[in-house]
Amino acid sequence: MRPFLIAPSILSADFARLGDDVKAVLDAGSDVVHFDVMDNHYVPNLTIGPMVCTALRNYGITADIDVHLMVKPVDRIIPDFAKAGASIITFHPEASEHIDRTLQLIKESGCKAGLVFNPGTPLHYLDHVMDKLDVILLMSVNPGFGGQSFIPHTLEKLRQVRAIIDASGFDIRLQVDGGVKVDNIAEIAAAGADMFVAGSAIFNQPDYKVVIDQMRAELAS
Ligand code: DX5
Ligand code: ZN
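As the structure is a computational prediction, the values presented were derived from the model and not from experiment.

The rules behind the values
Residues numbered from 1 in each chain as written. Chains lettered and ligands numbered in written order. Predicted model: local features only at pLDDT ≥ 70, side-chain atom pairs only at ≥ 80, totals over all residues. Helix = DSSP H or I, 4+ residues; strand = E, 2+ residues; numbered from the N terminus. Rg over C-alpha atoms; globule rule 2.2 N^0.38 Å. Buried ≥ 20, exposed ≤ 12 C-beta atoms within 10 Å, placed from the backbone. Contact = placed C-beta atoms within 7 Å. UniProt positions renumbered as here; feature names shortened; annotations may be inferred. Near = placed C-beta within 6 Å. Nonpolar A, V, L, I, M, F, W, Y, C, P; charged D, E, K, R; others polar. Expected span 1.5 Å × (residues − 1). Arc of directions from axis to C-beta.

Asks: Before we go on, may I ask you to explain the overall build of the protein in this structure?
Replies: Regarding its fold elements, the protein presents 8 helices and 8 strands. Against the 2.2 N^0.38 benchmark of 17 Å for 221 residues, the protein shows a C-alpha radius of gyration of 16 Å, consistent with a compact globule. The dimensions of the protein, computed from C-alpha atoms along their principal axes, are 45 × 40 × 30 Å. For the protein, the proportion of its 221 residues judged to be buried stands at 42%. Relative to all contacts within the protein whose residues are 6 or more apart in sequence, the contacts with residues 24 or more apart total 64%.

Asks: Can you walk me through the UniProt feature "binding site: a divalent metal cation" (unreviewed entry) in the protein in this structure?
Replies: This chain's UniProt record puts "binding site: a divalent metal cation" (unreviewed entry) on H34, D36, H68 and D177. Taken together, the annotated residues stretch across 144 residues yet fold into one region, lying no more than 10.6 Å apart by C-alpha. In this structure, H68 sits in strand β3 (residues 64-70). Its place among the elements puts D177 in strand β7 (residues 173-177). D177 sits in the buried class, given 26 other C-beta atoms within 10 Å. Ignoring sequence-local partners within four residues, the contact set of D177 consists of H68, L137, M139, S140 and V197.

Asks: Where do I start with unusual backbone geometry in this structure?
Replies: Backbone phi values are negative for most residues with the exception of glycine, while trans is the configuration of most peptide bonds. Look at the link from K72 to P73: it is a cis peptide, with omega at 0 degrees. With respect to the secondary-structure elements, P73 resides in the loop between β3 and α3 (78-83).

Asks: Could you clarify how one ought to interpret the UniProt feature "active site" (unreviewed entry) in the protein in this entry?
Replies: With numbering aligned to this structure, UniProt lists the feature "active site" (unreviewed entry) at D36 and D177. For the annotated residues, spread through 142 residues, the largest C-alpha to C-alpha distance comes to 10.6 Å, consistent with a single compact locus. Checked against the element boundaries, D36 lands in strand β2 (residues 32-38). Residue classification places D36 among the buried residues on the basis of 24 C-beta atoms within 10 Å.

Asks: Can you walk me through the site of ligand 1 in this structure?
Replies: If you check the shell around ligand 1, you find 21 residues, and the closest are L11, P143, G146, G199 and S200. Counting residues per element, the ones that place at least two in the shell around ligand 1 are β2, β8 (195-198) and α7 (200-203). Each residue belonging to the shell around ligand 1 can be placed in one class, and the counts come to 7 nonpolar, 12 polar and 2 charged.

Asks: What am I meant to see in helix α5 (residues 154-168) here?
Replies: One turn of the α-helix equals 3.6 residues, which is why residues spaced by three or four share an orientation. Taking 1.5 Å of rise per residue, the 15 residues of α5 would be expected to cover 21 Å, and the 21 Å separating its terminal C-alpha atoms lies within 8% of that figure. When we look at burial in α5, the residues that qualify are T154, K157, L158, V161 and I165. Considered in projection along α5, the buried side chains sweep an arc of 100 degrees and stay on one side of the axis. Away from the buried face of α5 by more than 90 degrees, exposed residues E156, A163 and A167 are located. At its buried positions, α5 is contacted by β6 (135-139), β7 and α6 (185-190). One or two steps after α5, the chain reaches G169, where phi turns positive at roughly 80 degrees.

Here is the structure:
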């Protein structure tokens, strides 16, 4: 398995000083910026769009930006995020009329592509698109808000997806998002995840480095 990646969700960052906060969390040792896009339609919350991604790039953020699209319809916003500097774009299959076409659109835009599964979304959406995936994201909460509790059934689903990825032979990251904390990250890794989104667990602590170091220590145990 490839090195573990820690991806702070900026949903829990301080939006009044976002550039500094994102720099701080990267300086503290995290790997990827997780950028949650919510439309108050597909999910019951409203967040940020491509302009904010551009602003982070212009501010000097060079780390990968992992754009998690919780919007419907999804296709028309993809080129805008690619132009804004997204590195990875993931979307929910329920938000696309044509999943294969949306994946191709992301790849043609020059970004890595991924599918996101809500806790209740079946895995059969993977059946015919594995060759087009760079990331599979399993939601361990229902999408829309930070600070929710990890849904334990996700562990079983992670084991299933890990087996599917390994059997496929494709090079696909297995990402988990929602309720990831220092005290459950080792168990989540043992179930097969290799990329960990964490919002409130990191940004609600005064010292980001302390919590990221604790997560890395748990992952090494
Ligand atoms: C939820 C978002 C998550 C969220 C995670 O819809 O996709 O990225 O910010 O937040 P925590 O880590 O606080 O559960
Ligand atoms: Zn997310």
